[in-house]
Protein chains: 2
Amino acid sequence: MPDSSADPASAADPASPRLQAAISDTVSAFLATQQGALAAAGPDLDDLFEVAERALEGGKRLRAAFVYWGWRAAGGAGSDLTCLLNCAAAVELVHASALVHDDLIDGSDTRRGHPSAQRDFAGRVPDAVEGTAEPFGVAAALLLGDLLLAWSDELYNTSGFRPKVLRRGRPAFDRLRREVVAGQYLDVLAQTRRRSSAADAMRVVLYKSAKYTVERPLQLGASLAQADTALLGGLSSYGVPLGQAFQLRDDMLGVFGDSAVTGKPAGDDLREGKRTLLVARAFDRADRAQRTTLDSLFGRQNLEQADVARLQDVLRDTGAVAAVETVIAELTDAALAGLRGTPIQGSEPRAALETLAALVTDRTA
Amino acid sequence: MPDSSADPASAADPASPRLQAAISDTVSAFLATQQGALAAAGPDLDDLFEVAERALEGGKRLRAAFVYWGWRAAGGAGSDLTCLLNCAAAVELVHASALVHDDLIDGSDTRRGHPSAQRDFAGRVPDAVEGTAEPFGVAAALLLGDLLLAWSDELYNTSGFRPKVLRRGRPAFDRLRREVVAGQYLDVLAQTRRRSSAADAMRVVLYKSAKYTVERPLQLGASLAQADTALLGGLSSYGVPLGQAFQLRDDMLGVFGDSAVTGKPAGDDLREGKRTLLVARAFDRADRAQRTTLDSLFGRQNLEQADVARLQDVLRDTGAVAAVETVIAELTDAALAGLRGTPIQGSEPRAALETLAALVTDRTA
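Residues numbered from 1 in each chain as written. Chains lettered and ligands numbered in written order. Predicted model: local features only at pLDDT ≥ 70, side-chain atom pairs only at ≥ 80, totals over all residues. Heavy atoms only, no water.

A. Region of the structure containing the overall build of chain A. A count of helical and extended segments in chain A gives 16 helices and two strands. Against the compact-globule benchmark of 21 Å for 365 residues, chain A has a radius of gyration of 21 Å, which places it among compact chains. With the principal axes as the frame, chain A shows a C-alpha extent of 60 × 60 × 30 Å. The burial tally for chain A puts 61% of its 365 residues in the buried class. (Helix = DSSP H or I, 4+ residues; strand = E, 2+ residues; numbered from the N terminus. Rg over C-alpha atoms; globule rule 2.2 N^0.38 Å. Buried < 20%, exposed > 50% of the residue type's maximum accessible area, 1.4 Å probe, protein only.)

B. Quick peek at helix α12 (residues 277-285) of chain A. Where α12(A) is concerned, the buried positions are A:Leu277, A:Leu278, A:Val279, A:Ala280, A:Ala282 and A:Phe283. Buried residues along α12(A) sit against α8 (198-224), α9 (229-256), α13 (288-297), α14 (305-317) and α15 (320-340) of chain A. (Contact = heavy atoms within 4.5 Å.)

C. Summary view of the pattern of salt bridges. Residues and elements named next belong to chain A. Scanning all chains against the criterion turns up 60 salt bridges over all chains. The residue Arg 249 makes a salt bridge to Glu 325 at a minimum N-O spacing of 2.9 Å. Taken together, the residues Arg 249 in helix α9 and Glu 325 in helix α15 connect sequence positions 76 residues apart. Assessed through its relative accessible area of 32%, Glu 325 is described here as partly exposed. (Salt bridge = Lys/Arg side-chain N within 4 Å of Asp/Glu carboxyl O.)

D. Structural context of the relation of the copies chain A and chain B. For the pair chain A and chain B, the best superposition has an RMSD of 0.0 Å and corresponds to a rotation of 180 degrees with a translation of 0.0 Å parallel to the axis. Given the turn and translation reported, the copies of this chain are related as if by a two-fold rotation axis. Using C-alpha coordinates, one finds that chain A approaches the rotation axis most closely at A:Pro163, a distance of 2.9 Å. Comparing contact sets, 100% of the residues at the interface of chain A also lie at the interface in chain B, consistent with an isologous, same-surface contact. (Least-squares fit on C-alpha atoms with pLDDT ≥ 70 in both.)

E. Structural view of the packing of helix α12 (residues 277-285) of chain B against helix α15 (residues 320-340) of chain B. Residues and elements named next belong to chain B. Two numbers describe how α12 lies on α15: the axes approach to 8 Å, and their chain directions differ by 135 degrees. Our classification of the angle between α12 and α15 gives oblique. Here α12 runs over α15; the crossing is right-handed. Touching Leu 277, Leu 278, Arg 281, Ala 282 and Arg 285 of α12 are Ala 320, Val 321, Ala 323, Val 324 and Val 327, all from α15. A breakdown of the residues in the contact of α12 with α15 according to their chemical character gives eight nonpolar, no polar and two charged. (Axes fitted to C-alpha atoms, helices over the stretch in contact; angles between N-to-C directions. Parallel < 35°, antiparallel > 145°, perpendicular 65-115°, else oblique. Left-handed = near helix turned anticlockwise from the far one by under 90°. Nonpolar A, V, L, I, M, F, W, Y, C, P; charged D, E, K, R; others polar.)

F. Layout of the interface of chain A and chain B. Each partner contributes residues to the interface: chain A has 53 residues there, and chain B has 53 residues. Of the roughly 4900 Å² buried where chain A meets chain B, counting both sides, 68% is carbon and sulfur surface. Where chain A meets chain B, there are 10 salt bridges. B:Asp153 is paired through a salt bridge with A:Arg177; the nearest N and O atoms lie 2.9 Å apart. At the junction of chain A with chain B, the criterion picks out 20 residue pairs in polar contact (both at pLDDT 80 or more). Where the side of chain A that touches chain B is concerned, the elements lending two or more residues are α1 (17-37), α2 (46-56), α4 (81-106), α6 (133-157), α7 (163-190) and α8 of chain A. (Buried area = accessible area lost by both parts, 1.4 Å probe. Polar contact = N/O pair within 3.5 Å; in protein donor to acceptor, adjacent residues only side chain to side chain.)

G. Looking closely at the nonpolar core. Among the nonpolar cores identified, the biggest contains 190 residues, and A:Phe121, A:Tyr238, B:Phe121 and B:Tyr238 are the most heavily contacted of them. With residues up to four places along the chain from it excluded, the contact list for A:Phe121 reads A:Asp47, A:Leu48, A:Val51, A:Phe136, A:Gly137, A:Ala140, A:Ala141, A:Leu144 and B:Tyr185. (Core = buried A, V, L, I, M, F, W, Y, C linked by side-chain atoms within 4.5 Å.)

H. Looking closely at helix α3 (residues 62-73) of chain A. Residues and elements named next belong to chain A. Under the 1.5 Å per step criterion, the end-to-end length of α3 is 16 Å for 12 residues, consistent within 8% with the ideal 16 Å. α3 sits mainly inside the fold: 12 of its 12 residues count as buried. All of the buried residues in α3 are Leu 62, Arg 63, Ala 64, Ala 65, Phe 66, Val 67, Tyr 68, Trp 69, Gly 70, Trp 71, Arg 72 and Ala 73. Buried-residue contacts for α3 involve α1, α4, α8, α9 and α16 (347-361). In the stretch just after α3, Gly 75 is the one whose phi turns positive, near 90 degrees. (Expected span 1.5 Å × (residues − 1).)

I. Summary view of the packing of aromatic side chains. Residues and elements named next belong to chain A. Evaluated as defined, the whole model comprises 18 aromatic pairs over all chains. Aromatic pair Tyr 68 and Trp 71: ring centres 6.0 Å apart, planes at 45 degrees, arrangement tilted. Remark: Trp 71 and Tyr 68 occur in helix α3; sequence separation between them is three residues, near one turn of the helix. Residue classification places Trp 71 among the buried residues on the basis of a relative accessible area of 2%. (Phe/Tyr/Trp six-rings, centres within 6.5 Å; stacked < 30°, edge-to-face > 60°.)

J. A look at the environment of B:Val51. Residue and element names in this part refer to chain B. Its location among the elements puts Val 51 in helix α2 (residues 46-55). For the pair Val 51 and Gln 118, spaced 67 residues apart in sequence, the C-alpha separation works out to 9.4 Å. Once residues lying within four places of it in the same chain are set aside, the contact partners of Val 51 are Ala 117, Asp 120, Phe 121, Arg 124 and Leu 144.

K. Representation of the packing of helix α3 (residues 62-73) of chain B against helix α4 (residues 81-106) of chain B. All names here are of chain B. At a minimum axis distance of 8 Å, the contact between α3 and α4 shows a crossing angle of 145 degrees. Note on packing geometry: the crossing formed by α3 with α4 is right-handed. Contacts between α3 and α4 involve Leu 62, Arg 63, Ala 64, Val 67, Tyr 68 and Trp 71 from the former and Leu 81, Leu 84, Ala 88, Val 91, Glu 92 and His 95 from the latter.

L. Main features of the environment of B:Leu85. Relative to the elements of secondary structure, B:Leu85 occurs in helix α4. In this structure the C-alpha to C-alpha distance between B:Leu85 and B:Glu272, which are 187 residues apart in sequence, comes to 35 Å.

M. Local environment of unusual backbone geometry. Positioned with a positive phi, A:Arg112 is a non-glycine residue whose angle comes to about 50 degrees. Following the sequence through the fold, A:Arg112 ends up in the loop between β1 (110-111) and β2 (114-115). Its identity as a non-glycine residue notwithstanding, B:Gln226 has a phi of 65 degrees, on the positive side. Along the polypeptide, B:Gln226 turns up in the loop between α8 (198-224) and α9 (229-256).

N. Structural context of the side chain of B:Asp153. By the secondary structure assignment, B:Asp153 is in helix α6 (residues 133-157). On the accessibility criterion, B:Asp153 (0% relative accessible area) is buried. A polar contact of 3.3 Å, which involves the side chain of B:Asp153, links it to the side chain of B:Arg177. Not counting the four nearest positions on each side in its chain, B:Asp153 is found in contact with A:Asp153, A:Arg170, A:Arg177, B:Arg170, B:Phe173 and B:Arg177.

Here it is as structure tokens:
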């Protein structure tokens, strides 16, 4: 039995500040070892480490929370907690890598209200030869993402778990890393097409978010605690629909979210032309006038606030917003039904996963 | 003792076509398992796999050869060969990832005479919405590099070696992946500065090439065959200077190489403004007129063939070329001296490493 006083999270607060802090501490300790390992290369690498630290700051550590509760759901407990936190932090390293590269793909200047990695790097060479600061920023951010990805692996392998245990977790960890790339690829491919069907949009959601954010982190944690196939399958039946609902909520926030809370400029997803289910549904249901608005404004880089408002109206008036809200509710119900049929060890992990379902689908940031 | 008839390479031909083919076959078999694993995502991923295949085609498989001979140098033999080839192929996956991302950083349209990954991807969406094909190409290449890096790890872990053996190889594999990023970062940082010293240039060479291309692959192979610290240290004393000499030869080919042989447009490194030792030495030794030529032409994107020729003349006339040739010869001698002091198991691996030293420092492509 776990020593409850040492548990970093509870059923009532499953992604607690304490768990978040434990992950941050784990990441910091790892970064310190890496800085030592590369110290011989000299102070020119200092900026690389500083931007790495920033890329790893903050965030809700949701993926780590799912790793943790997957582990608890399989009976993980006690003295293995430190090892488990290392593996959970490894997933956050993967995530930081994905975000840094995502900002490159989207050309985003900000992330969580701060400069994105490429902007940050570009600002660190004030005396750069003319015309080299921006390309440097892009190149450095690309390399930082690679480093974070290589590091994720190193942290996983040096987590402290025995090789036999690590081998059990490998399939989920490997899948997580390849599926997020596949999902992102399908996403950028969709943006080259004039229209995307709802089915295309949901396929992106499945790989880019559902598997990557929820299903695989849960299965990774559970595998590290020797979960059997019944539990792993059950966690899929909960994790996949929940992850889909999570992304659909994210898509809604990308269009309607308060930029002060989300840390991203309002309407950015509309400027980027993100092919979400919300947008696919709006195209499906638009009348002629609404269709004209969508065709002329959606995906335009230079949208004014008034244009964003017009697109928002179309998304609402076509019923696309209501339709997606219905899908989110249905998927959340499906996740909870899946959870009920899953052989979770103990009542606290079950209650925590119930709380998490509400947390990730009903949020403002 | 190894069954010599099964050895994929020999002292006379240490990076033999047979070894290259064995690596290619290993990579192909791995790609097939990956394609199966992601088949559920549908045919939209086909292009991703095709470009991955191309990114992994060809090349001299030098890093794999160093893994192989490191392993042989430590007495590796026989039935473990298949596992070893998997680990060597994993290093080639890392390398393919680095090249794909390097072409993004450099904005290169070609690689080995074929379209670079970003150009290849951009050409695969002929019906793309206007203005989306190029950004798609860049995004897809970025994601491909990530995928190759994640795969490298998966191939290493599923190589067939026991977890205990894999754990021995881990430090070298981890270092290889982080040091190449550090080296690349130092390289792009140097390009924001008006001048780079010879010491700066050699530091980039150390991380980006010497450790990554020669030292760590050798140590990885040796570790997988239970090398002791004397052997690992000896392989460094051979590998580091040899890797430096390798890169200096590469820098010379980047300026003077025959584009028909190198597969890269002549003078590309001069257009990019690569801060090599060759260039640092030319700046050091230039008289006023030569300095004016360097200042006005070096690093200019739109160099004509006549400009390239003028810069080549300055590099020769300042004595920079001769100086670098001397350094290459000295480093190669140092590597061979290091090799003599290294407790290599058996005469064939020793002879092979001698041949490799000549091969990588005296080449035309």
